[in-house]
Amino acid sequence: MLDTETLAATSGINFSDIGERYLNDTKHLARGSARFTDKMPLNFFYAGLIHQAMPDARIVILRRNPLDSCLSNFRQLFSTGFSYYNYALSIDDTAEYYMAFENLIEHWKQNLPGNRVHEIYYEDIVKDQENQTRQLLDFCELSWDENCLRFHENTAPVSTASSVQVRQPLYAGSVGRWQKYGDRIDGLRKKLGIFH
């Protein structure tokens, strides 16, 4: 958990040691690959600590329309065994969480090296998958592979909330899904500061 006591304890920590330990502890997940992705949703909290521990790590921020993002989080039953997902049990709390996410991302963009942080928008991926994928691979200093466009054929295990989606080709069905709720999401719009 990221709390005041934990952050205070980091003042005397050797972050390089933490980075090395993390890489050693996760080596089996990489399955012999030189690189792997840790896509835990709460990593955005730790971006500054991640950068200190692994200065060469690339941090990818996936953005999405705020209304679609909040509704998707609210509709998703995350693991109930962890209190840090409780924000998604209320649409108002989800909106507040999203706004806090936005503020923290702005902080990271201003305070972490630009060549270590890359933003990508879900809607842009849906519209132009190949170009967006190429940009992401360039940022990660990885070469192009046609299999990136056929990610849904990858048989590697997936245990996240998106496990069903990653087995399907890219689709646009969830872009603009918020529109079907009409004025029933006026409270959410107000919380997010979206008035049009």
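Quick look at the structure, then. (Residues numbered from 1 in each chain as written. Predicted model: local features only at pLDDT ≥ 70, side-chain atom pairs only at ≥ 80, totals over all residues. Heavy atoms only, no water.)

**Here's the deal with the pattern of salt bridges**
Considering all chains together, one arrives at nine salt bridges under this definition. The residue Glu119 makes a salt bridge to Arg63 at a minimum N-O spacing of 2.2 Å. On the criterion of sequence distance, the pair formed by Glu119 in strand β2 (residues 117-121) and Arg63 in strand β1 (residues 59-63) is long-range, its members being 56 residues apart. Under the relative-accessibility criterion, Glu119 is labelled partly exposed at 23%. For Arg63, a relative accessible area of 6% translates into the label buried. Lys191 is the partner of Glu96 in a salt bridge, and the nearest nitrogen-oxygen pair spans 2.9 Å. You can see Glu96 sitting in helix α6 (residues 91-111) and its partner Lys191 sitting in helix α9 (residues 186-192), a full 95 residues away along the chain. What you see here is one network of salt bridges that share partners, running through Arg63, Glu102, Glu106, Lys109 and Glu119. (Salt bridge = Lys/Arg side-chain N within 4 Å of Asp/Glu carboxyl O. Helix = DSSP H or I, 4+ residues; strand = E, 2+ residues; numbered from the N terminus. Buried < 20%, exposed > 50% of the residue type's maximum accessible area, 1.4 Å probe, protein only.)

**Quick look at the packing of aromatic side chains**
Enumeration over the complete set of coordinates arrives at seven aromatic pairs. Judged by centre distance (4.9 Å) and plane angle (80 degrees), the ring pair of Phe44 and Phe101 falls under edge-to-face. Pair noted here: Phe44 is in the loop between α3 (27-30) and α4 (47-53) and Phe101 is in helix α6, with a separation of 57 residues, a long-range link. Here Phe44 matches Phe101 in class, with each residue buried. Ring plane angle 70 degrees and centroid distance 6.4 Å describe the contact between Phe45 and Tyr46, whose orientation is recorded as edge-to-face. For Phe45, a relative accessible area of 31% corresponds to the partly exposed category. Aromatic ring contacts, followed pair by pair, group Phe44, Phe45, Tyr46, Tyr97, Tyr98 and Phe101 into a single cluster. Just above the ring of Tyr122 sits the side chain of Arg64; from NZ or CZ to the centre is 5.1 Å. (Phe/Tyr/Trp six-rings, centres within 6.5 Å; stacked < 30°, edge-to-face > 60°. Lys NZ or Arg CZ within 6 Å of the ring centre and 35° of its normal.)

**Observations concerning unusual backbone geometry**
Backbone geometry places Arg31, a non-glycine residue, at a positive phi of 50 degrees. Along the polypeptide, Arg31 turns up in the loop between α3 and α4. With a phi close to 55 degrees, Glu141 is a non-glycine residue in the positive phi region. Examined against the element boundaries, Glu141 turns out to sit in the loop between α8 (129-139) and α9. Residue class for Glu141 comes out exposed when judged on its relative accessible area of 57%.

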